[in-house]
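Here are the chains, one letter per residue:
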Amino acid sequence: MTPDYVTCSNLIIDDIVLADGRSFMNTLGGAGTHALVGMRVWSAQLGYVGTVGADFDPQHREKLEGLGIDLRGLVERPGYRTARAWQLFEPDERRVEVFRTNEEEFNRLKPQFADIPADYLTAKGFHLQWGTFAELTDLVARLRAVNPLICLVWEPPLTLHTVPLAEIQALLAQIDLFSPDLGEAQALTGERASERALAMLQEWSSGLVALRMGAQGSLVATAAGERYRVPAVPTIIVDITGAGNAYCGGFLTGLGAGLGVVEAAARAAVSASFALEQFGVPLFTPGKDAEAERRLAWALERIVPYTGALNMSEMSWPGTA
(Lines give C-alpha, C1' and ligand atoms only; values in the text may rest on other atoms or scores of the structure.)
Protein backbone atom coordinates (compact mmCIF):
# COMPACT_ATOMS: atom_id res chain seq x y z
CA MET A 1 0.00 0.00 0.00
CA THR A 2 1.22 3.48 -0.87
CA PRO A 3 0.07 5.73 1.98
CA ASP A 4 -1.78 9.01 1.47
CA TYR A 5 -0.53 10.40 4.77
CA VAL A 6 2.68 9.74 6.70
CA THR A 7 4.13 10.68 10.05
CA CYS A 8 7.88 11.22 10.45
CA SER A 9 8.21 11.36 14.19
CA ASN A 10 8.82 9.12 17.19
CA LEU A 11 7.49 5.93 18.70
CA ILE A 12 7.67 5.68 22.49
CA ILE A 13 6.35 3.05 24.87
CA ASP A 14 4.59 4.97 27.64
CA ASP A 15 4.33 3.99 31.28
CA ILE A 16 1.52 6.31 32.38
CA VAL A 17 0.90 7.40 35.97
CA LEU A 18 -2.20 9.51 36.55
CA ALA A 19 -2.64 12.13 39.26
CA ASP A 20 -4.91 9.78 41.22
CA GLY A 21 -2.21 7.10 41.34
CA ARG A 22 -3.55 4.78 38.66
CA SER A 23 -0.91 3.47 36.29
CA PHE A 24 -1.03 2.04 32.76
CA MET A 25 2.20 0.35 31.76
CA ASN A 26 3.53 -0.69 28.35
CA THR A 27 1.21 1.62 26.40
CA LEU A 28 1.98 2.20 22.73
CA GLY A 29 2.60 5.90 22.28
CA GLY A 30 4.86 8.59 20.86
CA ALA A 31 3.96 11.61 18.76
CA GLY A 32 3.95 9.59 15.55
CA THR A 33 1.59 6.94 16.90
CA HIS A 34 -0.88 9.53 18.18
CA ALA A 35 -0.73 11.54 14.95
CA LEU A 36 -1.61 8.37 13.04
CA VAL A 37 -4.57 7.78 15.35
CA GLY A 38 -5.82 11.22 14.35
CA MET A 39 -5.28 10.49 10.65
CA ARG A 40 -6.96 7.09 10.91
CA VAL A 41 -10.30 8.69 11.75
CA TRP A 42 -10.37 10.00 8.15
CA SER A 43 -8.00 7.80 6.13
CA ALA A 44 -7.05 4.13 5.95
CA GLN A 45 -3.89 4.65 3.87
CA LEU A 46 -1.21 5.65 6.33
CA GLY A 47 2.54 5.21 6.74
CA TYR A 48 4.87 5.37 9.75
CA VAL A 49 8.47 6.61 9.63
CA GLY A 50 10.08 5.95 13.00
CA THR A 51 12.68 3.93 14.89
CA VAL A 52 12.33 0.83 17.08
CA GLY A 53 14.65 -1.79 18.49
CA ALA A 54 14.68 -5.58 18.27
CA ASP A 55 12.79 -5.54 21.60
CA PHE A 56 9.72 -3.91 20.02
CA ASP A 57 6.76 -5.80 21.45
CA PRO A 58 4.96 -7.83 18.74
CA GLN A 59 1.60 -6.89 20.25
CA HIS A 60 2.34 -3.23 19.54
CA ARG A 61 3.24 -4.00 15.95
CA GLU A 62 -0.01 -5.95 15.64
CA LYS A 63 -1.99 -2.97 16.95
CA LEU A 64 -0.51 -0.68 14.33
CA GLU A 65 -1.04 -3.23 11.58
CA GLY A 66 -4.60 -3.67 12.85
CA LEU A 67 -5.20 -0.01 12.02
CA GLY A 68 -4.01 -0.72 8.49
CA ILE A 69 -0.83 1.34 8.93
CA ASP A 70 2.04 0.55 6.56
CA LEU A 71 5.15 -0.10 8.67
CA ARG A 72 7.84 -0.31 6.00
CA GLY A 73 9.20 3.00 7.29
CA LEU A 74 9.43 1.74 10.88
CA VAL A 75 13.17 1.04 11.03
CA GLU A 76 14.75 -1.43 13.46
CA ARG A 77 18.13 -0.14 14.65
CA PRO A 78 20.69 -2.79 15.78
CA GLY A 79 21.50 -2.48 19.47
CA TYR A 80 18.79 0.12 20.05
CA ARG A 81 16.22 -0.26 22.82
CA THR A 82 12.78 0.93 21.78
CA ALA A 83 12.23 4.29 23.47
CA ARG A 84 10.34 4.08 26.75
CA ALA A 85 9.29 6.86 29.10
CA TRP A 86 7.28 7.63 32.21
CA GLN A 87 4.35 9.95 31.51
CA LEU A 88 3.49 11.54 34.85
CA PHE A 89 0.32 13.63 35.10
CA GLU A 90 -0.53 16.32 37.65
CA PRO A 91 -4.11 17.27 38.63
CA ASP A 92 -3.97 20.40 36.42
CA GLU A 93 -3.18 18.21 33.35
CA ARG A 94 0.52 19.10 33.35
CA ARG A 95 2.55 16.19 32.01
CA VAL A 96 6.14 15.35 32.89
CA GLU A 97 8.00 12.97 30.56
CA VAL A 98 10.94 11.05 32.02
CA PHE A 99 12.89 8.80 29.67
CA ARG A 100 13.58 5.26 30.87
CA THR A 101 15.87 4.48 27.92
CA ASN A 102 18.89 6.34 26.52
CA GLU A 103 17.66 9.73 25.30
CA GLU A 104 20.91 10.43 23.40
CA GLU A 105 20.41 7.26 21.35
CA PHE A 106 16.76 8.16 20.85
CA ASN A 107 17.82 11.41 19.19
CA ARG A 108 20.86 10.06 17.34
CA LEU A 109 19.18 6.97 15.89
CA LYS A 110 15.99 8.65 14.71
CA PRO A 111 14.88 7.87 11.14
CA GLN A 112 16.66 9.60 8.27
CA PHE A 113 15.47 10.69 4.83
CA ALA A 114 17.12 7.59 3.35
CA ASP A 115 14.90 5.41 5.57
CA ILE A 116 11.71 6.75 4.00
CA PRO A 117 10.31 4.27 1.43
CA ALA A 118 10.34 5.85 -2.02
CA ASP A 119 6.58 5.60 -2.53
CA TYR A 120 5.94 7.42 0.78
CA LEU A 121 7.37 10.51 -0.91
CA THR A 122 4.35 10.64 -3.21
CA ALA A 123 1.97 10.97 -0.24
CA LYS A 124 -0.51 13.83 0.01
CA GLY A 125 0.92 14.92 3.33
CA PHE A 126 3.48 14.44 6.12
CA HIS A 127 3.17 15.12 9.84
CA LEU A 128 6.56 16.26 11.18
CA GLN A 129 7.86 16.30 14.74
CA TRP A 130 11.45 15.33 14.17
CA GLY A 131 15.09 16.28 14.64
CA THR A 132 16.92 19.50 15.37
CA PHE A 133 15.81 22.66 13.64
CA ALA A 134 18.63 22.37 11.09
CA GLU A 135 17.79 18.71 10.42
CA LEU A 136 14.11 19.48 10.00
CA THR A 137 14.86 22.34 7.62
CA ASP A 138 16.89 19.96 5.46
CA LEU A 139 14.16 17.29 5.57
CA VAL A 140 11.48 19.78 4.51
CA ALA A 141 13.64 20.94 1.60
CA ARG A 142 14.14 17.32 0.47
CA LEU A 143 10.44 16.51 0.73
CA ARG A 144 9.52 19.64 -1.24
CA ALA A 145 12.13 18.87 -3.91
CA VAL A 146 10.69 15.40 -4.50
CA ASN A 147 7.03 16.36 -4.16
CA PRO A 148 6.31 20.11 -4.49
CA LEU A 149 2.59 19.59 -3.80
CA ILE A 150 3.05 17.71 -0.53
CA CYS A 151 1.20 19.11 2.48
CA LEU A 152 3.40 19.53 5.57
CA VAL A 153 2.20 19.89 9.16
CA TRP A 154 4.80 20.82 11.78
CA GLU A 155 4.61 20.43 15.54
CA PRO A 156 7.48 22.45 17.02
CA PRO A 157 9.73 21.60 19.99
CA LEU A 158 9.87 23.75 23.13
CA THR A 159 13.46 24.68 22.24
CA LEU A 160 12.38 26.55 19.11
CA HIS A 161 12.68 29.89 20.93
CA THR A 162 16.48 29.52 20.74
CA VAL A 163 16.42 29.65 16.91
CA PRO A 164 16.82 33.03 15.14
CA LEU A 165 13.48 34.42 13.98
CA ALA A 166 14.62 34.79 10.36
CA GLU A 167 15.37 31.06 10.20
CA ILE A 168 12.00 30.18 11.71
CA GLN A 169 10.21 32.38 9.19
CA ALA A 170 12.16 30.83 6.33
CA LEU A 171 11.04 27.36 7.39
CA LEU A 172 7.44 28.47 7.98
CA ALA A 173 7.33 29.60 4.36
CA GLN A 174 7.63 25.89 3.43
CA ILE A 175 5.04 24.64 5.95
CA ASP A 176 1.29 24.38 5.31
CA LEU A 177 0.27 24.19 8.96
CA PHE A 178 2.27 25.23 12.01
CA SER A 179 0.63 23.92 15.19
CA PRO A 180 2.20 24.63 18.58
CA ASP A 181 0.38 24.15 21.85
CA LEU A 182 -0.15 27.18 24.07
CA GLY A 183 3.00 26.61 26.15
CA GLU A 184 5.16 26.28 23.04
CA ALA A 185 3.62 29.40 21.51
CA GLN A 186 4.20 31.38 24.70
CA ALA A 187 7.84 30.28 24.89
CA LEU A 188 8.38 31.14 21.23
CA THR A 189 6.68 34.54 21.15
CA GLY A 190 7.19 35.70 24.72
CA GLU A 191 3.47 36.51 24.87
CA ARG A 192 1.32 35.07 27.66
CA ALA A 193 -2.08 35.95 26.20
CA SER A 194 -3.24 33.41 23.62
CA GLU A 195 -4.65 36.02 21.23
CA ARG A 196 -1.37 37.99 21.23
CA ALA A 197 0.72 34.85 20.71
CA LEU A 198 -1.57 33.83 17.83
CA ALA A 199 -1.30 37.27 16.24
CA MET A 200 2.50 37.13 16.33
CA LEU A 201 2.64 33.62 14.86
CA GLN A 202 0.17 34.63 12.17
CA GLU A 203 2.44 37.54 11.25
CA TRP A 204 5.45 35.24 10.94
CA SER A 205 3.79 32.49 8.91
CA SER A 206 2.78 32.38 5.25
CA GLY A 207 0.52 29.36 5.90
CA LEU A 208 -1.95 28.29 8.56
CA VAL A 209 -1.36 28.50 12.30
CA ALA A 210 -3.36 26.36 14.74
CA LEU A 211 -2.83 27.20 18.41
CA ARG A 212 -3.80 24.15 20.50
CA MET A 213 -5.19 24.85 23.97
CA GLY A 214 -6.47 21.53 25.31
CA ALA A 215 -9.91 21.75 26.90
CA GLN A 216 -10.25 25.30 25.58
CA GLY A 217 -10.15 24.06 22.00
CA SER A 218 -7.96 25.79 19.45
CA LEU A 219 -7.53 29.04 17.54
CA VAL A 220 -6.78 28.85 13.82
CA ALA A 221 -5.39 31.73 11.75
CA THR A 222 -4.83 31.98 8.00
CA ALA A 223 -2.20 33.95 6.11
CA ALA A 224 -5.04 36.07 4.72
CA GLY A 225 -5.87 37.30 8.21
CA GLU A 226 -8.88 35.12 8.99
CA ARG A 227 -9.18 33.65 12.48
CA TYR A 228 -11.46 30.93 13.80
CA ARG A 229 -12.30 29.60 17.22
CA VAL A 230 -12.56 25.78 17.20
CA PRO A 231 -14.22 24.16 20.22
CA ALA A 232 -13.10 20.87 21.68
CA VAL A 233 -15.52 18.10 20.75
CA PRO A 234 -17.46 16.60 23.70
CA THR A 235 -16.18 13.25 24.90
CA ILE A 236 -15.40 11.33 28.08
CA ILE A 237 -11.71 11.92 28.78
CA VAL A 238 -9.68 8.86 29.70
CA ASP A 239 -6.14 9.95 28.77
CA ILE A 240 -4.98 13.30 27.38
CA THR A 241 -1.66 11.90 26.09
CA GLY A 242 -1.30 12.53 22.37
CA ALA A 243 -4.51 14.48 21.78
CA GLY A 244 -2.52 17.35 20.27
CA ASN A 245 -0.70 14.98 17.93
CA ALA A 246 -4.03 13.46 16.86
CA TYR A 247 -5.36 16.97 16.24
CA CYS A 248 -2.48 17.62 13.85
CA GLY A 249 -3.03 14.28 12.12
CA GLY A 250 -6.69 15.04 11.55
CA PHE A 251 -5.91 18.54 10.27
CA LEU A 252 -3.40 17.09 7.82
CA THR A 253 -5.99 14.80 6.22
CA GLY A 254 -8.31 17.75 5.68
CA LEU A 255 -5.65 19.88 4.05
CA GLY A 256 -4.38 16.95 2.00
CA ALA A 257 -7.91 16.31 0.73
CA GLY A 258 -8.19 19.92 -0.41
CA LEU A 259 -10.80 20.91 2.17
CA GLY A 260 -11.24 24.45 3.42
CA VAL A 261 -9.67 25.55 6.67
CA VAL A 262 -12.92 25.30 8.66
CA GLU A 263 -13.64 21.71 7.70
CA ALA A 264 -9.99 20.70 8.14
CA ALA A 265 -10.01 22.27 11.62
CA ALA A 266 -13.23 20.45 12.45
CA ARG A 267 -11.59 17.16 11.44
CA ALA A 268 -8.71 18.01 13.75
CA ALA A 269 -11.01 18.57 16.71
CA VAL A 270 -12.83 15.31 16.04
CA SER A 271 -9.54 13.39 15.81
CA ALA A 272 -8.43 14.79 19.16
CA SER A 273 -11.69 13.65 20.75
CA PHE A 274 -11.09 10.04 19.69
CA ALA A 275 -7.55 10.14 21.07
CA LEU A 276 -8.84 11.27 24.47
CA GLU A 277 -11.13 8.28 24.94
CA GLN A 278 -8.64 5.51 25.66
CA PHE A 279 -5.07 4.66 26.55
CA GLY A 280 -2.87 3.92 23.57
CA VAL A 281 -4.20 2.91 20.17
CA PRO A 282 -7.99 2.60 19.76
CA LEU A 283 -9.92 0.05 17.76
CA PHE A 284 -11.61 1.58 14.73
CA THR A 285 -14.78 -0.47 14.33
CA PRO A 286 -17.25 0.18 11.47
CA GLY A 287 -19.37 2.35 13.78
CA LYS A 288 -16.48 4.80 14.17
CA ASP A 289 -17.14 6.32 10.74
CA ALA A 290 -20.69 7.28 11.59
CA GLU A 291 -19.62 8.62 14.97
CA ALA A 292 -16.86 10.66 13.34
CA GLU A 293 -19.38 12.21 10.98
CA ARG A 294 -21.71 13.02 13.88
CA ARG A 295 -18.91 14.75 15.76
CA LEU A 296 -17.81 16.54 12.60
CA ALA A 297 -21.29 18.00 12.16
CA TRP A 298 -21.24 19.12 15.82
CA ALA A 299 -17.90 20.89 15.35
CA LEU A 300 -18.82 22.53 12.04
CA GLU A 301 -21.90 24.07 13.62
CA ARG A 302 -19.78 25.66 16.35
CA ILE A 303 -16.66 26.93 14.62
CA VAL A 304 -16.97 30.71 14.51
CA PRO A 305 -14.80 33.65 13.43
CA TYR A 306 -12.56 34.79 16.27
CA THR A 307 -12.42 38.51 16.82
CA GLY A 308 -11.18 39.09 20.36
CA ALA A 309 -10.33 37.67 23.76
CA LEU A 310 -11.46 34.16 24.58
CA ASN A 311 -14.71 33.50 26.37
CA MET A 312 -13.60 30.44 28.32
CA SER A 313 -17.16 29.32 29.10
CA GLU A 314 -17.82 29.05 25.37
CA MET A 315 -14.61 27.16 24.68
CA SER A 316 -15.10 24.40 27.27
CA TRP A 317 -17.63 21.57 27.13
CA PRO A 318 -19.84 19.47 29.41
CA GLY A 319 -19.81 15.74 29.90
CA THR A 320 -16.10 15.16 30.61
CA ALA A 321 -14.65 13.04 33.39
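## Here we look at the packing of aromatic side chains
Any two aromatic rings considered together are summarised by their centre-to-centre distance and by the angle between their planes. In total, this model carries six aromatic pairs according to the counting rule given. On the basis of an interplanar angle of 55° and a centroid distance of 4.9 Å, the ring pair of F99 and F106 is categorised as tilted. Each member of the pair, F99 together with F106, is buried. Arranged with centres 4.9 Å apart and planes meeting at 45°, the rings of W154 and F178 form a pair that is tilted. Highlighted residues: W154 in strand β10 (residues 151-154) and F178 in strand β11 (residues 177-178), separated in sequence by 24 residues. The class of F178 is buried, set by a relative accessible area of 1%. Taken together, the ring pairs in this structure connect F133, W154 and F178 into an aromatic cluster.

## Considering the packing of helix α4 (residues 133-146) against helix α5 (residues 165-172)
Between α4 and α5, whose axes approach to 10 Å, the crossing angle comes to 25°. Here α4 is positioned roughly parallel relative to α5, judged by the angle of their axes. Note that α4 runs across α5; the crossing there is left-handed. Residues F133, L136, T137 and V140 of α4 touch α5, and the partners they reach there are E167, I168 and L171. The class makeup of the residues in the contact of α4 with α5 is five nonpolar, one polar and one charged.

## Notes on the nonpolar core
Ranked by size, the top nonpolar core spans 48 residues in total, and within it L11, L64 and F251 carry the most contacts. Contributing elements (two or more residues each) for this core: α1 (31-40), β4 (46-52), β10, β12 (208-212), β14 (227-230), α8 (243-256), α9 (261-275) and α10 (287-302). Per-element tally for this core: the top contributor is α9, with nine residues. Judged by nonpolar contacts, the second largest core, of 37 residues, contains C8, W130, L139 and V163.

## Here we look at α9
Between the first and last C-alpha of α9 there are 21 Å, a value that for 15 residues agrees with the 21 Å anticipated at 1.5 Å per step. In terms of burial, α9 is largely enclosed, as 13 of its 15 residues are buried.

## Section: the environment of G68
Within the secondary structure, G68 is located in the loop between α2 (58-66) and β5 (69-70). In this structure the C-alpha to C-alpha distance between G68 and R40, which are 28 residues apart in sequence, comes to 8.7 Å. Beyond its immediate chain neighbours, meaning those up to four positions away, G68 contacts M1, A44 and L46.

## A word on the sheet that holds strand β2 (residues 12-17)
The strand order β3-β2-β7-β8 describes an open sheet built from four strands, whose pairing is mixed. Strand pairing shows two members of the sheet lacking a second neighbour, β3 (23-29) and β8 (95-99), which therefore form its edges. Recorded for the sheet is a direction-independent mean angle of 25° between the axes of neighbouring strands. Two elements, β2 and strand β7 (residues 84-89), share five bridges in a ladder whose sense is parallel. Among the inter-strand pairings, I16 is bridged to a residue of β7, identified as Q87.

## Digging into the confidence of the model for the chain
Summing up the model confidence of the chain, the mean pLDDT is 92 and the portion of residues at 70 or higher is 96%. Segment residues 310-321: pLDDT under 50, and 32 contacts once partners within four positions in sequence are set aside and those in other chains are kept.

## Comments concerning the side chain of R295
Secondary-structure assignment places R295 in helix α10. Its relative accessible area of 7% is what places R295 among the buried residues. Among the polar contacts made by the side chain of R295, one reaches the side chain of E291 at a distance of 2.8 Å. When sequence neighbours within four positions are dropped, the list of residues in contact with R295 reads V233, T235, V270, S273, F274 and E277.

## Concerning the pairing of β8
Pairing analysis gives five bridges linking β7 to β8, with the strands arranged antiparallel. Counterpart to L88 in the pairing with β8 is V96. What sits between the antiparallel neighbours β7 and β8 is a turn of five residues, in which E93 has the positive phi angle 80°.

## Description of helix α6 (residues 182-189)
For α6, the full list of buried residues reads E184, A185, Q186, L188 and T189. Two to three positions downstream of the cap, the backbone nitrogen of G183 sits 3.2 Å from a side-chain oxygen, assigning the N-cap of α6 to D181. Taken from the residues just after α6, G190 is the one with a positive phi, measuring 80°.

## Let's talk about the pattern of salt bridges
Applying the stated criterion to the full structure yields 18 salt bridges. Residue R196 pairs with E191 through a salt bridge whose shortest N-O separation is 2.9 Å. A network of salt bridges, in which partner residues are shared, links E277, E291, R294 and R295.

Rules used throughout
- Residues numbered from 1 in each chain as written.
- Predicted model: local features only at pLDDT ≥ 70, side-chain atom pairs only at ≥ 80, totals over all residues.
- Heavy atoms only, no water.
- Phe/Tyr/Trp six-rings, centres within 6.5 Å; stacked < 30°, edge-to-face > 60°.
- Buried < 20%, exposed > 50% of the residue type's maximum accessible area, 1.4 Å probe, protein only.
- Helix = DSSP H or I, 4+ residues; strand = E, 2+ residues; numbered from the N terminus.
- Axes fitted to C-alpha atoms, helices over the stretch in contact; angles between N-to-C directions.
- Parallel < 35°, antiparallel > 145°, perpendicular 65-115°, else oblique.
- Left-handed = near helix turned anticlockwise from the far one by under 90°.
- Contact = heavy atoms within 4.5 Å.
- Nonpolar A, V, L, I, M, F, W, Y, C, P; charged D, E, K, R; others polar.
- Core = buried A, V, L, I, M, F, W, Y, C linked by side-chain atoms within 4.5 Å.
- Expected span 1.5 Å × (residues − 1).
- Pairing = 2+ DSSP bridges.
- pLDDT = per-residue confidence, 0-100.
- Polar contact = N/O pair within 3.5 Å; in protein donor to acceptor, adjacent residues only side chain to side chain.
- Salt bridge = Lys/Arg side-chain N within 4 Å of Asp/Glu carboxyl O.

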